[in-house]
Structures are given as structure tokens and as C-alpha cells.
Amino acid sequence: VQLQASGGGSVQSGASLRLSCVVSGRTFSGYTIGWFRQTPGKEREFEASIRWSGGTIAYADSVKGRFTISRDIAKNTVYLEMKNLKAEDTALYYCATGYGIILSAQRGAAAYDYWGQGTLVTVSS
């Protein structure tokens, strides 16, 4: 299983970015794809997740209304649309996947077995 995250960049506060995560290596039925972010000295923090089959979605409270997760099955890609970015959104963003993750566990990094390399988002105020 491989995940390739992209789309990060340096933007001004209030701007938008769309991150992409291309997944490959197997069929992903039964898998959940999650987006996490990490800043130096802190643990990876859950942002959003989507089940590959059925599309059940979860968001961290801090990003509800600003971030939107979606998937394009034909392109094997999961997106994280981020709007109204703030300086505190600055982080390294990772996508990850795991099989059979129950809904209550989707927010924990430990539930995910495979991780992409991360894409850096920098928001200046």
C-alpha cells in the first residue's frame, strides 16, 4: 500500500488549498483514509476521515465548516479542501489508511497502518 500526498504550499491567512492523496497497491474496499497534521514537538492530530466504501465522513471539531474531505474512486484519490486557512493550520499534513477501522477509532493515529510522506502547509497572517 502506498499513499502520495501533495498540494501543500505557502499561503496567506484566509486563502484556500486542496490537498490530494493518491492511494495505490490494492483495492481499498473496507479501508478508511484519514488526514492528520503535525507540528514540531506535537503528536499527529486528526483532521478528517472518509471510508472508501460508503463514504462515511468524520471531522475534527476544529475544522468543521472549513475543511471538506472527499474521494474520487476512479482516480484512487482522496482530497482535503481547506478554506479560510489560519496561521494555526500551519503544519505537515499526512494522509493515512487502515483496514476495518471502526467509527469510534477513526480519530486515532494508531488505527492507521500506512502513511504517506506528508505535505507542508504554511499559512502566514
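All values derive from a computational prediction rather than experimental measurement.

Section: the overall build of the protein
Of the regular secondary structure elements, the protein holds 0 helices and 11 strands. Going residue by residue from the N terminus, the α and β elements of the protein occur as β-β-β-β-β-β-β-β-β-β-β. Taking 125 residues into account, the globule formula puts the C-alpha radius of gyration at 14 Å, and the protein, at 13 Å, falls close to it. For the protein, the spread of C-alpha atoms along the principal axes amounts to about 40 × 25 × 25 Å. Per-residue burial for the protein yields a buried fraction of 42% across its 125 residues. A fraction of 57% describes how many contacts in the protein between residues 6 or more apart in sequence connect residues 24 or more apart. Only carbon and sulfur atoms are counted for the fraction: they give 48% of the accessible area of the protein, which is about 6,200 Å². Taken as two groups, the 13 positive and 9 negative side-chain charges of the protein have centres that lie 5 Å from each other.

Examining the pattern of salt bridges
Under the definition given, this model contains 5 salt bridges. Of the charged contacts in the structure, one is a salt bridge between Glu47 and Arg37, with a shortest N-O distance of 3.0 Å. A residue pair is termed long-range when its members are at least 10 positions apart, and Glu47 in strand 5 (residues 45-51) and Arg37 in strand 4 (residues 31-38) qualify at 10 residues. Each member of the pair, Glu47 as well as Arg37, is classed as buried. When the shortest N-O distance is used, the salt bridge between Asp89 and Arg37 registers 2.8 Å. A residue pair is termed long-range when its members are at least 10 positions apart, and Asp89 in the loop between strand 8 (77-82) and strand 9 (91-99) and Arg37 in strand 4 qualify at 52 residues. Residue class for Arg37 comes out buried when judged on its relative accessible area of 9%. Several salt bridges share partner residues, and in doing so they unite Arg37, Glu45, Glu47, Arg66 and Asp89 into one network.

Remarks on the packing of aromatic side chains
One pass over the full model with this rule turns up 8 aromatic pairs. Judged by centre distance (5.3 Å) and plane angle (70°), the ring pair of Phe28 and Tyr31 falls under edge-to-face. You can call Phe28 buried: its relative accessible area is 2%. The structure contains a cluster of three or more aromatic residues connected by ring pairs, namely Phe36, Phe46, Tyr94, Tyr112 and Trp115. Over the ring of Tyr94 we find Arg44, and its NZ or CZ is 3.8 Å from the ring centre. Here Arg44 stacks its cationic end above the ring of Trp115, 4.5 Å away from the centre of that ring.

Quick notes on the sheet that holds strand 3 (residues 17-24)
Pairing between the strands of a sheet is mediated by backbone hydrogen bonds and can be parallel or antiparallel. One open sheet holds the 4 strands; their spatial order is 1-3-8-7, and the pairing between them is antiparallel. On the outer flanks of this sheet lie strand 1 (2-6) and strand 7 (67-72), each paired with one strand and no other. Geometrically, the sheet is characterised by an average inter-axis angle of 15° between neighbouring strands, direction not taken into account. Bridging between strand 7 and strand 8 involves 6 bridges; their strand directions are antiparallel. By the bridge assignment for strand 8, Ser70 is matched with Tyr79.

What counts, and where the lines are drawn
- Residues numbered from 1 in each chain as written.
- Predicted model: local features only at pLDDT ≥ 70, side-chain atom pairs only at ≥ 80, totals over all residues.
- Heavy atoms only, no water.
- Helix = DSSP H or I, 4+ residues; strand = E, 2+ residues; numbered from the N terminus.
- Rg over C-alpha atoms; globule rule 2.2 N^0.38 Å.
- Buried < 20%, exposed > 50% of the residue type's maximum accessible area, 1.4 Å probe, protein only.
- Contact = heavy atoms within 4.5 Å.
- Areas by Shrake-Rupley, 256 points an atom, 1.4 Å probe, with all protein chains shown as cover.
- Lys, Arg positive; Asp, Glu negative; His and termini not counted.
- Charge placed at Lys NZ, Arg CZ, Asp CG, Glu CD.
- Salt bridge = Lys/Arg side-chain N within 4 Å of Asp/Glu carboxyl O.
- Phe/Tyr/Trp six-rings, centres within 6.5 Å; stacked < 30°, edge-to-face > 60°.
- Lys NZ or Arg CZ within 6 Å of the ring centre and 35° of its normal.
- Pairing = 2+ DSSP bridges.
- Axes fitted to C-alpha atoms, helices over the stretch in contact; angles between N-to-C directions.

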